[in-house]
Every structure is written in structure tokens, then in C-alpha cells.
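# Chains, contacts and geometry: an overview
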Amino acid sequence: MGILVAAVSIAFWGEPVGIVWLVLGAACATLAMIGATLRLGATAEFQRKEIKAFEVDIDLFNDLLSEAEEQLEELADSIPGAVFICHPAGEVLFCNQAAKRDFNFPDPIGKSILQVTLSVDLQEAVATAIPRQSPQVSEVVLSHPEERTLTVSAWRPDPIAERVYLSLTDITPLRRMERVRSDFVANASHELRTPMAAIRSMAETLIEAPELPEEQKSRYLKKIIFEVDRLTNLSDDLLVLSSAESRHSLQEPVDFVETVRYAFHELEPQAKEKRLNLTLEVPDSVPVLGDDEQLVQVVLNLLTNAIRYSVEGTIAVKLERIDGFAVLSVTDSGIGIASEHLPRIFERFYRIDRARSRETGGTGLGLSIVRHIVEAHGGRIEVDSELNVGTTFRVFLPCA
Ligand code: ADP
């Protein structure tokens, strides 16, 4: 444009005017270029600043994201049960520490839920999970890595979500407790029914056969009294067991020497009656923290058994203080216990020779009561025995 004006100016007004126009044109063009360059520079600077701000935002966002991931993992790891997030096809996308530990599988991500858990039921739970406000809950028994009963909740967050949440709760101890309780009730009713049936049949005989000889009548009556005593023993033991289980043991200062002495003297007459030699060896004092009534029960039960399962010989009761523990040992030279029975004698109602235990007034609860009380006092019980040689029970209680 400047060149055109210059050319026209040269044509009409001569060269000097044209040159002026040419110079003006060039100056304008230069100014325009400088302006454009400056504008471009400003835009670039603005964009650079924007990018910088954007980068800061991304860093912040990444920080927030990794913090959220960390919190999610912490939360998931603090859940006691196993938690998985899976693709509906079964691939494990996420899991917590409990899931790795419970299935003994250190790196389950990317593996299939079947591969990790070896459970077709869990695979099925993932495949059939549907979106629900309240998840589908079912009970599954697993055999890997050990037998366990679990409740399984599986749900999708929404119908199109490509993920399924799977939460597992181990209810094995609960089921075991229910089984123990129902076994206990069954055993207790059996124990009650046997003497009651005997009492009933003897009482019926006495009513229906008044012509029975006096001597036989007297035998039946004695037997009825014996069975009633057994029932009394059983209900006493059941009460002791239930009280030991339902209330916390007291934590009072007790001199265990006095406890042992008291139980010893209580049972001395019984031992004498069976012509057993009963000996006692105790130090001056062994203080423990505990429930005196329950501790007396421990010593009484062990001594009763020693007397009950001995025909002759000596029963030695000894109390010592060893490495911060009060150690009570009750040693008899009785019938002994065969090694295959030793692991089971502390179970409720477990008796090696049912008839013998019954004959001697046993209920099968004595040792389970002892173990329960000793463990509730923070102690432990051990047994050594040799068949036809004798038995030693040792109770360890922490000294006060
Ligand atoms: P019980 O009332 O039948 O004696 P316990 O729970 O006290 O029940 O003992 C369980 C079983 O352990 C007994 O039936 C008996 O077979 C065995 N047992 C316990 N103490 C002794 C012992 N000192 N010597 C031999 N056997 C024993």
C-alpha cells in the first residue's frame, strides 16, 4: 500500500514527496510488525503461565489422588475380613491385606478370583452380583487354605459398572461355638436322662412289686439315692462351670498356700476312707491375684480325681514358686491315663472309662472346669501320666 502511494506521489508531485511517503509506509509496516510480534509474545507468555498453572493443578490433583488411594488402602487394610474388587469376568482389580493373608496369595491383582480363592462359589458370587442397595449375602464353606465358613456379600455399584465388590467375613469361630454349645446341651441332657431313667424304673418296680424282698427293696432305694446324688453332682458342676464362664474371675490378693491347705483338709477324710496316703508340701506363702472360691474349686477337682482314680498308694500335693509362677502339682499313683486320651481329658463330658467315672460320682466336667478357671487367671495346666503308674497334674498361676 505504502509503495503504491509512493509511486502515485512520484508520478504527481515528484520524487521527494514520493520518498517521504515511501519512508512513512515503511515506518508504518515496521510498527505494525512490532505490534504483531509484541501481541504474539504476550499471548505466548499468557499461555506459558496458563500451562504452568495447569501443571500445578495436575500435581495437586495427583497428590490428592495418591492421598485418596492411600486412605482407601488404609481403610481396606483396617477391615478384618477379606475385601476384593473384581471385574465381573472374575479378574481381581483390588484387594486388602486380609484377602492376601487369608488366601495365602501375596499378589492377587490381575489373577482370577477362582485362581486366588480356589472357590467356585466365590467365582459364582462375582459373576452373578447384581446392583443392589443391600448386597447379596450368602454363606460359603471354603476348604483352602484351611476349612472355613464365610459370609459373602457381593454387589455391583450400578448396572453398567465394570466392577463387583466382594466382602468376606469369617464366621468359623461363631459356627464352632454354636456346635460346641449344641453338643454341650445334647451331652448334658444325655447325662441327665440316664440317672433319671434309672430312678424312674426302680421307683416303678418298687410300686409295682410290693412283694419284693426287703433286701432288694433296700438295694433299689440305695441306688435311687446314689442316682439322685449323681444328679446333684452334675447340677453343681454345671452351675460352677456356668458361673466360671459367665463372670470375670475376681482379681483379689489370695495366698495360694491357704487355698491349697483348705482344699487339702476338705478332702483328707475321703482319702483316709480309701486308705490313701495324702501328703502336703507348701512354702510359707505364695501370693497370687485371683478368685479364691474358683481357685479352691481347682484344687478340690484335681484332688478329687486323684482320690477317685487311685486304688492305693500316695497322693502328693506340692506347691512351689518357680520363675514368677505358683506351681501346684498333684501326683497320684493311680490307674494313669493312656497317652491317646491325654489331649481330650479337658473336654467337657470326656471320660475314658464312663462306667468307672459314673460309679465314683464323676460328671466328666471336673477337668474342663479346672482348665477354664486356670486360663481365666492367666495360667495354664499340664498333665503327665503313665498307665497303671500314676498321674501328675501341674497348674501354673502367675504370682502377684
Ligand atoms: P470326671 O468327673 O469323670 O472325673 P474329669 O473332667 O474330672 O471328669 O476327668 C475326665 C477324665 O479324665 C476322667 O473321666 C478320667 O477318665 C480321667 N482322669 C482325670 N483325672 C485322672 C487321674 N488323676 N487319674 C486317672 N484318670 C484321670
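Heads up: these notes are all about the structure in this document. (Residues numbered from 1 in each chain as written. Predicted model: local features only at pLDDT ≥ 70, side-chain atom pairs only at ≥ 80, totals over all residues. Heavy atoms only, no water.)

So, about the overall build of the protein. A tally of helices and strands in the protein yields 11 helices and 12 strands. The C-alpha radius of gyration computed for the protein amounts to 44 Å, which surpasses the reference 21 Å derived for 400 residues by more than 25%, pointing to a less compact arrangement than a globule. For the protein, the spread of C-alpha atoms along the principal axes amounts to about 170 × 55 × 30 Å. In the protein, buried positions account for 35% of the 400 residues. Element-wise, carbon and sulfur atoms account for 58% of the exposed surface of the protein, whose accessible area totals about 24300 Å². Between the centroid of the 39 positive side chains of the protein and the centroid of its 60 negative side chains there is a distance of 5 Å. (Helix = DSSP H or I, 4+ residues; strand = E, 2+ residues; numbered from the N terminus. Rg over C-alpha atoms; globule rule 2.2 N^0.38 Å. Buried < 20%, exposed > 50% of the residue type's maximum accessible area, 1.4 Å probe, protein only. Areas by Shrake-Rupley, 256 points an atom, 1.4 Å probe, with all protein chains shown as cover. Lys, Arg positive; Asp, Glu negative; His and termini not counted. Charge placed at Lys NZ, Arg CZ, Asp CG, Glu CD.)

Ranked by size, the top nonpolar core spans 50 residues in total, and within it F256, L302, L328, I345 and F393 carry the most contacts. Dropping the residues within four chain positions of it, I345 is found in contact with I337, Y350, I352, L367, V383 and F393. Core analysis: the second largest hydrophobic core is formed by 22 residues, C86, A99, F105 and L142 among them. (Core = buried A, V, L, I, M, F, W, Y, C linked by side-chain atoms within 4.5 Å. Contact = heavy atoms within 4.5 Å.)

Attention now moves to the pattern of salt bridges. Summed over all chains, the structure comprises 18 salt bridges. Residue R219 pairs with E215 through a salt bridge whose shortest N-O separation is 3.5 Å. Here the residue R219 and the residue E215 both occupy positions in helix 7 (residues 214-246), the gap between them amounting to four residues, near one helical turn. Here R219 falls in the partly exposed class, since its relative accessible area comes to 46%. Judged by its relative accessible area of 57%, E215 falls in the exposed class. What emerges from the salt-bridge pattern is a single network uniting R101, D102 and R148. (Salt bridge = Lys/Arg side-chain N within 4 Å of Asp/Glu carboxyl O.)

A separate point is helix 7. Its 33 residues give helix 7 an end-to-end C-alpha distance of 47 Å, which sits within 8% of 48 Å, the value for a rise of 1.5 Å per residue. Turning to helix 7, the residues buried within the fold contact helix 6 (172-208), helix 9 (292-308), helix 10 (354-359) and helix 11 (366-376). (Expected span 1.5 Å × (residues − 1).)

Below, the discussion takes up the site of the ligand. Lining the immediate environment of the ligand, one finds 20 residues, of which N305, Y309, S357, T363 and L367 sit closest. Within the backbone of T363, a nitrogen or oxygen atom sits 2.8 Å from an oxygen atom of the ligand. Separating an oxygen atom of the ligand from a backbone N or O atom of G364 is a distance of 2.8 Å. Protein coverage of the free-state accessible area of the ligand, which is 530 Å², stands at 98%. Elements with a contribution of two residues or more to the shell around the ligand: helix 9, helix 11 and strand 12 (390-398). Its residues placed into classes, the shell around the ligand shows nine nonpolar, eight polar and three charged. (Near = heavy atom within 4 Å. Polar contact = N/O pair within 3.5 Å; in protein donor to acceptor, adjacent residues only side chain to side chain. Nonpolar A, V, L, I, M, F, W, Y, C, P; charged D, E, K, R; others polar.)

To continue, consider the packing of aromatic side chains. Tallied over the entire structure, the rule returns five aromatic pairs. Lying over the aromatic face of F396, R380 brings its terminal NZ or CZ to 3.9 Å of the ring centre. (Phe/Tyr/Trp six-rings, centres within 6.5 Å; stacked < 30°, edge-to-face > 60°. Lys NZ or Arg CZ within 6 Å of the ring centre and 35° of its normal.)

It is worth spelling out the sheet that holds strand 12 at this point. As a general point, the strands of a sheet are linked pairwise by backbone hydrogen bonds and lie either parallel or antiparallel. Pairing is mixed in the open sheet, where five strands are placed in the order 7-9-10-12-11. Both outer strands of the open sheet, strand 7 (277-281) and strand 11 (380-386), are each paired with one neighbouring strand and no more. Sheet twist, expressed as the average angle between the axes of neighbouring strands with direction ignored, equals 15 degrees. The pairing of strand 11 with strand 12 spans seven bridges and is antiparallel. Looking at strand 12, one finds that E382 is bridged to R394. Along the sheet, helix 8 (residues 256-273) contacts strand 7, strand 9 (314-322), strand 10 (325-332) and strand 12; its crossing angle with strand 7, the most-contacted strand, is approximately 170 degrees. (Pairing = 2+ DSSP bridges. Axes fitted to C-alpha atoms, helices over the stretch in contact; angles between N-to-C directions.)

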